[in-house]
Amino acid sequence: MAADTSATNPRKSRVVLGLQWGDEGKGKVIDLLADRCDVVVRCQGGANAGHTVVVGGKKTVLHLLPSGVLHESSRCVIGNGVVIDPLALCHELDDLKAGGCDPVKRLFISDRAHLVLPYHRALDAAAEKAKGDAKVGTTLRGIGPCYGDKVARSGVRCGELRDLAAFEVRLRAHLTQANVLIRAAGGTEVEVERAIAEVMPACRRMAPMIADTASILHQASAQRLSFLFEGAQGVMLDIDYGTYPFVTSSNTGIGGVITGSGLSHKDLGEVIGVVKAYSTRVGGGPFPVELLGAKGDEVRKRGSEFGATTGRPRRCGWLDLVAVRFACRLNGVDSIALTKLDILTGEPEVPVCVAYEIDGVRVDTIPSRLEDLSRAKPIYERLPGWTQQLSGSTFDGLPAGARAYIGFIEERVGVPVRWIGTGPGRDEIVVR
Ligand code: IMP
């Protein structure tokens, strides 16, 4: 890879992580930074993610592809920690092509990344159905079963697409075996030959993009190229530190960036944590700050809080600084990008959760036991609101209430807020 020296902005490596329950607005921050780096890297997750970018009024939602695809000069890597559904990948490439963007020549997919195959989706659905009311509320994209196969050492990796004939034989065997499990779980079996006929053309298309991305990234590092590591989901959905078992199946923090790319901590650069000015989560699981009733509906409507991947309404609540503080500490966050601050405009006062109360005791961290977190009541401090629109403002021009809100977060979390989202457009962001 040759260094791109055309940009005037300082080129340094950055990691962008979501610090809440996903949907923090990472896509916009990544899009803003993508033309200041040479290589954009996805490290974990899969087509469960949905990164929305609005360019020139046109909305693009990316699921598997790194947001760098929208920048002609960025090379894009899908690292070994990502789980890749060939059909979802090809749909996304087709959508982009229809909009005039064809990133295939600058897209590299790890030969060590695992494939999400039709039986993973069927197993995901069957597992959710079997759980009944206790279901996780997954995106049904087959993510959990695919990571499960990886850890159980029975997965299928992208490198196998180098020999498509042998891959097809293996796929047939996997589908047949998986149907036994799907049947036992009360799910809908996959029609083997139909699934093969559907998946093989996508695999054939994917094959030329498969590469030893770890070596490519090592070379890029030796050439002092800059990286942008694009996190998916959020720290509160992390398989280890999130609200287990209501989590996704990968490490969504800094650890996942390293194991999922093949680079080391020395290559990471600045760690930027993306925090939405309020909280949302999709699916089941404890959510102490949740606003039920009319207020929750109002915030959802104002913030257009409907899933980018599934269209599901997101649960909404006030900002939870217990979660944000925990996420910053876990990931060595250097700076915060605060998104969607404009959605709070017009609130007479803005409550912020600074601690929890569990059985009459004040708690400042996230308890690991679901039973404890489910009983946690938020302790709020109430800040004055503002009515002035934020879009187009400089930092100093922001209303006093908005500046006080930002200052409060910085003081309570101990991390500077360097970006402030003031509207959906690419340019509606204040950079400090
Ligand atoms: P899975 O990742 O599809 O297995 O879903 C597990 C949990 O993570 C569910 O609660 C999903 O709603 C949530 N989840 C997965 N990906 C995202 C995302 O990109 N944004 C928000 N929530 C997500």
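Residues numbered from 1 in each chain as written. Predicted model: local features only at pLDDT ≥ 70, side-chain atom pairs only at ≥ 80, totals over all residues. Heavy atoms only, no water.

> Quick question: what am I supposed to make of the sheet that holds strand β20 (residues 429–431) here?
Strand pairing in a sheet takes place through backbone hydrogen bonds and is either antiparallel or parallel in direction. Within the open sheet, the ten strands sit side by side as β9-β7-β5-β2-β10-β1-β11-β15-β19-β20. Their pairing is mixed. Each edge of the open sheet carries a strand with a single partner, namely β9 (210–211) and β20. When strand β15 (residues 335–339) meets strand β19 (residues 417–421), the two strands line up parallel, connected through three bridges. Bridging across to β19, Leu 338 finds its partner in Ile 420. (Pairing = 2+ DSSP bridges. Helix = DSSP H or I, 4+ residues; strand = E, 2+ residues; numbered from the N terminus.)

> Would you explain the site of the ligand in this entry?
Near the ligand there are 17 residues, and of these Asp 23, Asn 48, Thr 139, Thr 248 and Arg 312 occur at the shortest range. Here a nitrogen atom of the ligand sits 3.2 Å away from a polar atom, N or O, in the side chain of Gln 233. Contact between the ligand and Val 282: an oxygen atom at 3.1 Å from a main-chain N or O atom of the residue. When grouped by side-chain class, the residues that make up the shell around the ligand number six nonpolar, nine polar and two charged. (Near = heavy atom within 4 Å. Polar contact = N/O pair within 3.5 Å; in protein donor to acceptor, adjacent residues only side chain to side chain. Nonpolar A, V, L, I, M, F, W, Y, C, P; charged D, E, K, R; others polar.)

> Explanation requested: the pattern of salt bridges in the structure shown.
Side chains carrying opposite charge are able to pair once their charged atoms draw close together. Counted under the stated rule, the structure contains 32 salt bridges. Arg 369 is the partner of Asp 372 in a salt bridge, and the nearest nitrogen-oxygen pair spans 3.2 Å. Judged by its relative accessible area of 45%, Arg 369 falls in the partly exposed class. Among the ionic contacts, a cluster of salt bridges with common partners joins Asp 23, Lys 276, Glu 305, Arg 314 and Lys 340. (Salt bridge = Lys/Arg side-chain N within 4 Å of Asp/Glu carboxyl O. Buried < 20%, exposed > 50% of the residue type's maximum accessible area, 1.4 Å probe, protein only.)

> Just checking my understanding: could you explain helix α9 (residues 294–302) for this structure?
Every α-helix winds through 3.6 residues per turn, so residues three or four apart in the chain are directed the same way. For α9, the full list of buried residues reads Gly 296, Val 299 and Arg 300. Projection of α9 onto a plane perpendicular to its axis shows the buried side chains occupying an angular sector of 100°, all on one side. The exposed set on the far side of α9, more than 90 degrees from its buried face, consists of Ala 294 and Lys 301. Residues of α9 that are buried sit in contact with β13 (315–317). The positive-phi residue at the C-terminal boundary of α9 is Ser 304, with phi of around 45°. (Arc of directions from axis to C-beta. Contact = heavy atoms within 4.5 Å.)

> Got a minute to help me understand the packing of helix α10 (residues 321–331) against helix α12 (residues 400–413) in this structure?
Each pair of packed helices can be summarised by the angle the axes make with each other and by the distance between the axes. The contact between α10 and α12 brings their axes to 10 Å, and the two run at 55°. Between α10 and α12, the interaxial angle falls into the category oblique. Relative to α12, α10 is oriented so that their crossing is right-handed. Contacts between α10 and α12 involve Leu 321, Val 324, Arg 325 and Cys 328 from the former and Phe 408, Ile 409, Arg 412 and Val 413 from the latter. For the contact of α10 with α12, the class distribution of residues is six nonpolar, no polar and two charged. (Axes fitted to C-alpha atoms, helices over the stretch in contact; angles between N-to-C directions. Parallel < 35°, antiparallel > 145°, perpendicular 65-115°, else oblique. Left-handed = near helix turned anticlockwise from the far one by under 90°.)

> Mind showing me how you'd approach unusual backbone geometry here?
For residues besides glycine, phi is generally negative; the peptide bonds are generally trans as well. Between Tyr 244 and Pro 245 the backbone carries a cis peptide bond, its omega angle lying at 5°. With respect to the element layout, Pro 245 can be found in the loop between β10 (227–230) and α8 (254–259). Look at Leu 140: it is not a glycine, yet its phi comes out positive at around 60°. Assignment of secondary structure puts Leu 140 in the loop between α3 (118–131) and α4 (143–151).

> I tried to follow the packing of aromatic side chains on my own but got confused; where do I start?
Aromatic rings in a pair are described by how distant their centres are and how their planes are angled relative to each other. Applying the stated rule across the entire model yields four aromatic pairs. Ring centres of Tyr 241 and Phe 326 lie 6.2 Å apart, and the angle between their planes is 70°; on these two criteria the pair is classed as edge-to-face. One end of the pair, Tyr 241, is in the loop between β10 and α8; the other, Phe 326, is in helix α10, with 85 residues separating them in the sequence. A residue is classified by how much of its surface remains accessible, and Tyr 241, at 45% relative accessible area, is partly exposed. Directly above the ring of Phe 395 sits Arg 432, whose terminal nitrogen or CZ lies 3.9 Å from the centroid. (Phe/Tyr/Trp six-rings, centres within 6.5 Å; stacked < 30°, edge-to-face > 60°. Lys NZ or Arg CZ within 6 Å of the ring centre and 35° of its normal.)

> Please explain the nonpolar core as it appears in this structure.
Generally speaking, a soluble globular protein has its nonpolar side chains buried in company with each other. Membership of the largest hydrophobic core comes to 54 residues, with the highest contact counts inside it found for Ile 336, Leu 341 and Tyr 405. Top contributing element to this core by residue count: α12, with six residues. Sequence-distant contacts of Tyr 405, that is, excluding residues within four places in its chain, are made with Ala 277, Leu 319, Leu 341, Leu 344, Val 350, Val 352, Leu 383 and Trp 386. Listed in part, the 40 residues of the second largest apolar core include Leu 171, Ala 195, Cys 203 and Met 209. (Core = buried A, V, L, I, M, F, W, Y, C linked by side-chain atoms within 4.5 Å.)

> Sorry if this is basic, but what is going on with the domain arrangement of the protein here?
Interfaces are often described in size by the accessible area the parts lose on coming together. Domains assigned within the protein are domain 1 (11–110 + 212–431) and domain 2 (114–209). On a C-alpha basis, the centroid separation for the pair domain 1 and domain 2 is 28 Å. Taken together, the contact between domain 1 and domain 2 spans 35 residues of the former and 25 residues of the latter. Across the interface of domain 1 and domain 2, roughly 2,300 Å² is buried in total on both sides, 61% from carbon and sulfur atoms. If you sort the residues of domain 1 by the area they bury against domain 2, Val 83, Pro 86 and Leu 87 come out on top, with a joint share of 23%. Applying the counting rule to domain 1 against domain 2 returns two salt bridges. Across the pair Asp 94 and Arg 205 runs a salt bridge, and its minimum N-O distance is 2.8 Å. Broken down by secondary-structure element, the contributors of at least two residues to the side of domain 1 that touches domain 2 are β6 (83–84), α2 (86–98) and β7 (107–110). By residue number, the principal contributor to the side of domain 1 that touches domain 2 is α2, which donates seven residues. Of the residues that constitute the side of domain 1 that touches domain 2, the class distribution is 17 nonpolar, 14 polar and four charged. (Domains from an automatic or database assignment. Buried area = accessible area lost by both parts, 1.4 Å probe.)

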